[in-house]
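# Summary of the model geometry
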Amino acid sequence: MLMKDKIVIITGGASPLGIGFATAGRMAAEGARVAILDLNVQEAQKAAAQIGAVHRGYACDVRNEAVCQEVISQILDDMGTIDVLVNNAGVSQSHRIMDSTRDDYDLVMDSSVRGTYNMTRAVVPHMRSRRYGSIVCIGSVAAQRGGGILGGPHYTAAKGAVQAMAKALARELGLDGIRVNAIAPGLCDTALLFGKLDEAGKRRVAESTVLGRVAVPADIANACLYLGSDMSSYVTGIILDVNGGLHIH
Ligand SMILES: NC(=O)c1ccc[n+]([C@@H]2O[C@H](COP(=O)([O-])OP(=O)(O)OC[C@H]3O[C@@H](n4cnc5c(N)ncnc54)[C@H](O)[C@@H]3O)[C@@H](O)[C@H]2O)c1
């Protein structure tokens with residue numbers, strides 16, 4: 001059991017078809033107790049209950065710093081410690097530069113970049129005090145290839161910022177015993193694709209991967225498990241490509 005007695009927080013974990021929910025299930029299967037954070041408390045609690053009775057769901061809009069601080073303090077009261085944070089919450093938009101608005105920009109940037117910043121700031125004092133922690137941030141292959149599949153320029157920039165922030169955090173927090181890494185998933189079959197990519201579009205992307213398929217959430221969840229667990233105890237500051245060879249560099 002790779003995650004026995006570990007407490008794991010996953011933001012954006014309530015979407016039943018999503019990467020966060022799959023990661024929660026994978027971590028739980030390895031013995032973790034999981035806190036699922038998402039915009040809607042009922043959905044977060046329902047997702048947690050689906051995984052098992054010891055897991056919990058919380059309302060948390062990661063764009064709001066005060067809310068992030070409150071939720072972390074509540075989780076510490078409820079669950080005792082925090083070992084792993086997965087910064088997964090994100091909103092994707094494919095609008096081109098002249099089709100997106102200032103509100104689109106704020107939503108996409110704030111969900112991924114400010115959210116990662118807020119949540120990391122909320123957990124670091126506790127992780128520092130225990131000299132232990134792993135933070136996993138979800139970036140995207142979009143940041144590496146300049147979008148071109150799902151993400152418009154603002155989404156691509158948001159994911160690039162998350163990946164750069166993960167490296168800077170790794171540098172800053174290493175001597176505190178906190179590892180920080182990012183994952184750059186390729187196209188993954190989740191609700192994020194609804195209304196943006198039809199079956200023919202998915203097939204086209206699948207054909208441009210080396211492995212001949214798009215990712216399923218379990219592919220990304222396994223990478224989160226590796227980076228969250230002590231299996232990766234000497235790994236920090238990396239961007240782990242999980243893209244089926246969609247982008248090899
Ligand atoms: N699906 C892909 O192809 C793909 C590829 C690369 C990266 N990603 C990234 O993976 C992550 C998970 O995406 P997914 O594909 O599972 O999508 P999803 O839409 O299924 O899940 C995203 C979750 O984040 C939640 N969320 C959105 N804004 C939030 C906020 N402000 N606070 C808290 N929760 C919030 C949503 O409610 C949802 O449950 C995202 O960061 C996404 O950008 C996805």
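Rules and cut-offs
- Residues numbered from 1 in each chain as written.
- Predicted model: local features only at pLDDT ≥ 70, side-chain atom pairs only at ≥ 80, totals over all residues.
- Heavy atoms only, no water.
- Helix = DSSP H or I, 4+ residues; strand = E, 2+ residues; numbered from the N terminus.
- Rg over C-alpha atoms; globule rule 2.2 N^0.38 Å.
- Buried < 20%, exposed > 50% of the residue type's maximum accessible area, 1.4 Å probe, protein only.
- Contact = heavy atoms within 4.5 Å.
- Areas by Shrake-Rupley, 256 points an atom, 1.4 Å probe, with all protein chains shown as cover.
- Lys, Arg positive; Asp, Glu negative; His and termini not counted.
- Charge placed at Lys NZ, Arg CZ, Asp CG, Glu CD.
- Near = heavy atom within 4 Å.
- Polar contact = N/O pair within 3.5 Å; in protein donor to acceptor, adjacent residues only side chain to side chain.
- Axes fitted to C-alpha atoms, helices over the stretch in contact; angles between N-to-C directions.
- Parallel < 35°, antiparallel > 145°, perpendicular 65-115°, else oblique.
- Left-handed = near helix turned anticlockwise from the far one by under 90°.
- Nonpolar A, V, L, I, M, F, W, Y, C, P; charged D, E, K, R; others polar.

This part covers the overall build of the protein. For the protein, the count of helices and strands is eight helices and seven strands. Its C-alpha atoms give the protein a radius of gyration of 17 Å, near enough to 18 Å, the size a compact globule of 249 residues would have. When the backbone C-alpha atoms are referred to their principal axes, the protein occupies close to 45 × 35 × 35 Å. The burial tally for the protein puts 52% of its 249 residues in the buried class. For the protein, restricting intrachain contacts to residue pairs at least 6 apart in sequence, the fraction spanning at least 24 positions comes to 72%. Total accessible area computed for the protein in this model is approximately 11,400 Å², and 53% of it derives from carbon and sulfur atoms. For the protein, the distance from the average site of its 24 positive side-chain charges to the average site of its 24 negative ones is 4 Å.

Now for the site of the ligand. Around the ligand lies a shell of 27 residues, among which Asp38, Asn88, Tyr155, Cys188 and Thr190 are the nearest. A distance of 2.8 Å separates an oxygen atom of the ligand from a polar side-chain atom of Ser15. Ile19 has a polar backbone atom sitting 2.8 Å from an oxygen atom of the ligand. With the chains in place, 92% of the 830 Å² that the ligand exposes on its own is no longer accessible.

Next up on the list: the packing of helix H4 (residues 102-130) against helix H6 (residues 153-173). Where H4 contacts H6, the two axes come as close as 8 Å, and the packing angle between them is 15°. Compared by their axis directions, H4 and H6 come out roughly parallel. When the axes of H4 and H6 are compared, the crossing they make is right-handed. Along its contact with H4, which presents Asp104, Tyr105, Val108, Met109, Ser112, Val113, Thr116, Tyr117, Thr120, Val124 and Arg128, the element H6 presents His154, Tyr155, Ala157, Ala158, Lys159, Ala161, Val162, Met165, Leu169, Glu172 and Leu173. Considered class by class, the residues forming the contact of H4 with H6 number 14 nonpolar, four polar and four charged.

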